[in-house]
Amino acid sequence: MNKLIGYFACGLRGKLTAFMLLAALSSSGSVAQRFEDLKKSGTSLTLRGVGSFYVGGKSVARTAAQIGLYGNGQIIVDQMYVAYMLPAKSVGTAVVMIHGGTLSGKSFETTPDGRMGWYEYFVRKGYDSYVVDQVGRGRSGFDPAKFNDVRAGVSPSGSQPNIRRIGSDTALTRFRIKQADGSDFPDSQFPLEATGELAKQVVPDMTDMYSVPNPTIPGLSELADDLTQVVMIGHSQAGRMPLEVVLLGKGNIRGIISVEPAGCTSSVYTEEQIRVLSAVPILVIFGDHLSSRQPVGANWGDALADCEAFVSRVVHAGGNASIFRPVENGFRGNSHMLMQDRNNLVVADYIIHWIERLPPKH
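Residues numbered from 1 in each chain as written. Predicted model: local features only at pLDDT ≥ 70, side-chain atom pairs only at ≥ 80, totals over all residues. Heavy atoms only, no water.

Participant: Looking at this structure, I do not really get the state of the cysteines. What am I missing?
Facilitator: Should the sulfur atoms of two cysteines be covalently bonded, the bond is a disulfide. All told, the structure shown has one disulfide when counted by the stated rule. Covalent S-S linkage joins Cys264 and Cys307, the inter-sulfur distance amounting to 2.1 Å. One quick way to see it: the torsion about the S-S bond of Cys264 and Cys307 is about 90 degrees, and its sign makes the bridge right-handed. Pair noted here: Cys264 is in the loop between strand 6 (253-259) and helix 10 (271-277) and Cys307 is in helix 11 (residues 300-316), with a separation of 43 residues, a long-range link. The exposure class of Cys307 is buried, given its relative accessible area of 0%. (Disulfide = S-S within 2.5 Å. Helix = DSSP H or I, 4+ residues; strand = E, 2+ residues; numbered from the N terminus. Buried < 20%, exposed > 50% of the residue type's maximum accessible area, 1.4 Å probe, protein only.)

Participant: What am I meant to see in the nonpolar core here?
Facilitator: Side chains of a nonpolar character, in soluble globular proteins, are inclined to be buried together. Formed by 45 residues in total, the largest nonpolar core has its most connected members in Val96, Ile98, Val132, Leu220, Met232, Phe286 and Phe310. Among the elements that make up this core, the one with the highest residue count is helix 11 (seven residues). Apart from residues lying up to four places away in sequence, Met232 is in contact with Val96, Ile98, Leu220, Ala224, Pro242, Val245, Ile253, Gly255, Ile256 and Ile257. Tyr121, Phe190, Ile285 and Leu358 belong to the second largest nonpolar core, which has 42 residues in total. (Core = buried A, V, L, I, M, F, W, Y, C linked by side-chain atoms within 4.5 Å. Contact = heavy atoms within 4.5 Å.)

Participant: Whenever I open this one, the pairing of strand 4 (residues 128-133) confuses me. Can you help?
Facilitator: Residues in a regular strand point their side chains to alternate faces of the sheet. Strand 4 sits mainly inside the fold: six of its six residues count as buried. Going residue by residue along strand 4, you find Asp128, Tyr130 and Val132 tucked away on one face and Ser129, Val131 and Asp133 tucked away on the opposite face as well. In this structure, strand 2 (residues 73-87) lies alongside strand 4, joined through five bridges in antiparallel fashion. Pairing of Ala83 across the sheet is with Val131, part of strand 4. Two strands pair when backbone bridges link them, and strand 3 (residues 94-98) and strand 4 are joined in this way by four bridges, in the parallel orientation. When the bridges of strand 4 are listed, Ala94 appears paired with Asp128. Assessed by its sense of winding, the connection that carries the chain from strand 3 through helix 4 (residues 118-124) to strand 4 is right-handed. (Pairing = 2+ DSSP bridges. Right-handed = clockwise from strand over helix to strand, strands pointing away.)

Participant: What am I meant to see in helix 8 (residues 216-226) here?
Facilitator: Residues of helix 8 that are buried: Thr216, Ile217, Gly219, Leu220, Ser221, Leu223 and Ala224. In this structure, the buried side of helix 8 is in contact with strand 1 (47-62), strand 2, strand 3, strand 4, strand 5 (230-235) and helix 9 (241-247).

Participant: Please clarify how the pairing of strand 6 should be interpreted in this entry.
Facilitator: Extensive coverage of strand 6 is indicated by the burial of seven of its seven residues. Relative to strand 7 (residues 282-285), strand 6 is paired through four bridges, and the arrangement is parallel. Bridge pairing links Ile257 to Leu283 in strand 7. The β-α-β motif built from strand 6, the intervening helix 10 and the parallel element strand 7 has right-handed crossover chirality.

Participant: Just checking my understanding: could you explain the side chain of Asn214 for this structure?
Facilitator: If you trace the backbone, Asn214 turns up in the loop between helix 7 (195-200) and helix 8. If we skip the residues at most four places from it in the chain, Asn214 touches Thr207 and Met241.

Participant: Even after reading the chapter, I still don't get the environment of Gly57, so can you show me in this structure?
Facilitator: Tracing the backbone through its elements, the reader meets Gly57 in strand 1. According to the relative accessible area criterion, Gly57 is partly exposed, its value standing at 39%. Spatially, the C-alpha atoms of Gly57 and Asp78 are 4.5 Å apart, while their sequence positions differ by 21 residues.

Participant: What am I meant to see in the packing of aromatic side chains here?
Facilitator: Describing an aromatic ring pair means giving the distance of the ring centres and the angle of the ring planes. What the rule picks out here adds up to nine aromatic pairs. Taken together, a centroid distance of 6.2 Å and an interplanar angle of 65 degrees make the contact between Trp118 and Phe122 edge-to-face. Taken together, the residues span about one helical turn, with Trp118 and Phe122 both in helix 4 at a distance of four residues. The burial state of Trp118 is the same as that of Phe122; both residues are buried. Members of the aromatic cluster, connected to one another through ring pairs, are Phe108, Trp118, Phe122 and Tyr127. (Phe/Tyr/Trp six-rings, centres within 6.5 Å; stacked < 30°, edge-to-face > 60°.)

Participant: It is not clear to me how the pattern of salt bridges should be interpreted in this structure. Could you clarify?
Facilitator: As a working rule, side chains carrying opposite charge can pair if their charged atoms are close by. Under the criterion given, the structure shown has 18 salt bridges. Put simply, Arg176 and Glu260 hold a salt bridge, and the shortest N to O gap is 2.6 Å. Separated by 84 residues along the polypeptide, Arg176 in the loop between helix 6 (168-174) and helix 7 and Glu260 in the loop between strand 6 and helix 10 bring together distant segments of the chain. The residues Arg176 and Glu260 share a single accessibility class, namely buried. Across the pair Lys200 and Glu197 runs a salt bridge, and its minimum N-O distance is 3.0 Å. One end of the pair is Lys200 and the other is Glu197, both in helix 7 and three residues apart, which spans about a single turn. Take Glu197: its relative accessible area is 14%, and that puts it in the buried class. Through salt bridges with shared partners, a single ionic network connects Asp113, Arg115, Glu193 and Arg342. (Salt bridge = Lys/Arg side-chain N within 4 Å of Asp/Glu carboxyl O.)

Participant: What is the right way to look at helix 11 in this model?
Facilitator: One turn of the α-helix equals 3.6 residues, which is why residues spaced by three or four share an orientation. With 17 residues, helix 11 should reach 24 Å at 1.5 Å per residue; the first-to-last C-alpha distance of 24 Å fits that figure. Within the span of helix 11, buried status applies to Trp300, Ala303, Leu304, Cys307, Phe310, Val311 and Val314. Projected down its long axis, helix 11 shows its buried positions confined to an angular sector of 120 degrees, all on one face. Of the residues in helix 11, the exposed ones pointing more than 90 degrees away from the buried face are Asp302 and His316. Those residues of helix 11 that are buried are in contact with helix 6, helix 9, helix 10, strand 7 and strand 8 (321-324). With a side-chain oxygen positioned 2.6 Å from the backbone nitrogen of Gly301, the residue opening helix 11 is Asn299. A positive phi of about 95 degrees marks Gly318, the residue just after helix 11. (Expected span 1.5 Å × (residues − 1). Arc of directions from axis to C-beta. Polar contact = N/O pair within 3.5 Å; in protein donor to acceptor, adjacent residues only side chain to side chain.)

Now the structure itself:
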């Protein structure tokens, strides 16, 4: 842990009013991020493979009006996009990264201020790395039929599913990058000069148009079937998704890491489900300032308490589950977006250290 503490970087200091926050977002969001400003690693990255593919999906019949462009017939829906990089020298473990709500796989790529993200860093540490766009998000797309049916007058306007998005200023407070009044956290680890770039990463989220289970979960299950020694990292809204994959019977998952989940819904799982989950090591990670007042949504302190109850149930069932909080290990100011904070690689090193201690999956 002393090695990790040695990486600690102090957050920016300062104060902004709510009005100034909105102005800053408007200004920073209007200027393109320049390629020459990105921080290059300075060393070569040697890969044995890089690319992308889709998992899941089903063929459905749609009318020309539902398709909205050319002809009628079959289209593919519910497919999930997966990007991958495979290091030339692999440690033999595959890491799958799943982004949170109103976001995409970009969360794990280059940080808003141009530093190395977890996607590249885990590859450089020898891990076969996979980053997904959840179904109904980013490059995974969605079925336009319900919306085009309304446009054509076939369905009433109220039948349209809700499209989720989060306002730029709300994202900063909800993600604990800013305080509720728009002022800075004095010890913030997030690169405050790059909030406009974070705002660009927020995308339309079609989660509300899907029934349970969200098709991302069987998509992750299919992906897990194709890999070995799998560690799944789920963030925020996707924090519990790896647990749901395990409950589908995927025995080749070596470990689960839940980063800032919106709760672990401890009371939902039956004793039998807890017994199944106790067979897989679980690490839950939360950042700092969990007690800060939230303008919308559940309180992050409540989320931590729920996950503590969940971890207790898993440990009581004989499982290996724990919670890691950087603030309890000398790191102040981590936000909801730990994979983008200034000490993101410090957190990654802790995760890697945790993975290295896992028993191999047979």
